[in-house]
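What the coordinates show
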Amino acid sequence: GIPMERFADAVGAHPRENVVTVAEGVLMAGVSQVLELAQAGATEVEFVCAKVTIDETARVASLAALKPETVMWSNVLDYVKPRDFHRLAAAIATEDCLHMGYSMNWVADTVGACLLDYFQNPKMMQLVDGLFKAALEADAMFHKMKRTDDRFVSPPPTNPINITAGVLCAGHGKSSWVDYFLGASRIPAHCDREDMVFPALVRWPFARANGTIALIWTYDAELRLAKT
């Protein structure tokens, strides 16, 4: 994906280009960098498609034998129970390794992180109106600051749940969920909170919602977490 800040800057730098074309250009620039490294022999890419679970002992052992310094899990942690996930991750790499991943489904486990949580209480409707207004103001202010307000429709053409996702997710329950996720590991998992990427207030225009939490963690207490 493309960070919203980077995308907005690219749109502002190409005022006559279609926003989809701009997004494609930003993505392809990243692909080109990887291609240049491969052509120069500076990196090697090997594609392997296989199922990996804690019970696949031979496959887990083969991955551990690589002694990875980094492991990117994408959002696999959304589809595996935290305790089982940490068992697998730690079995693959514990020492001298940084694990990276992100969750989009944490909202479903965190009361108050979704607009629907507030409709059960009629007394909360005034708060709902305030959240909706704050979300629209944040969206309009961001695009005005980036000088992209003439390229994006405001209010965004989506439903109130998606519009308010940034406001609710950015300020509600994210730290508690991270504590829950890391605390499920039998081996202590360490995470630098300054390196975590929490949901942005402004909605990503090519996504339905922006309630994603990205984090870097390690099972090695002696390893200094890299700054991103």
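Structure shown above.
Residues numbered from 1 in each chain as written. Predicted model: local features only at pLDDT ≥ 70, side-chain atom pairs only at ≥ 80, totals over all residues. Heavy atoms only, no water.

This next bit is on helix α2 (residues 19–39). Spanning 21 residues, α2 covers 30 Å between terminal C-alpha atoms, matching the ideal 30 Å at 1.5 Å per step. Listed in full, the buried residues belonging to α2 are Val19, Val22, Ala23 and Val26. Looking straight down α2, one finds that the buried residues subtend no more than 120 degrees of arc, so they occupy a single side. Away from its buried face, by an angle of more than 90 degrees, α2 presents the exposed residues Val20, Glu24, Glu36 and Gln39. (Helix = DSSP H or I, 4+ residues; strand = E, 2+ residues; numbered from the N terminus. Expected span 1.5 Å × (residues − 1). Buried < 20%, exposed > 50% of the residue type's maximum accessible area, 1.4 Å probe, protein only. Arc of directions from axis to C-beta.)

This next bit is on the layout of surface pockets. Put simply, the second largest pocket is a space of about 680 Å³. In terms of lining residues, the second largest pocket is bounded by 18 residues, among which Glu46, Val48, Val52, Leu63 and Leu66 are the most central. Counting only elements with at least two residues in the lining of the second largest pocket, the list comes to α3 (57–65) and β1 (70–72). Of the residues belonging to the lining of the second largest pocket, the class tally is 13 nonpolar, two polar and three charged. (1 Å grid on protein atoms, 1.4 Å probe; cavity = no way out; pocket = protein on both sides within 12 Å on 5 of 7 lines; lining within 4 Å. Points joined across faces, edges and corners; volume = space filled by probe spheres on them. Nonpolar A, V, L, I, M, F, W, Y, C, P; charged D, E, K, R; others polar.)

For the structure on display, the rule yields one salt bridge. Notably, a salt bridge pairs glutamate 56 with arginine 59, separated by 4.0 Å at the nearest N-O pair. Residue glutamate 56 is classed as partly exposed on the basis of its relative accessible area of 28%. Taking relative accessible area as the criterion, arginine 59 reaches 34% and is therefore assigned partly exposed. (Salt bridge = Lys/Arg side-chain N within 4 Å of Asp/Glu carboxyl O.)

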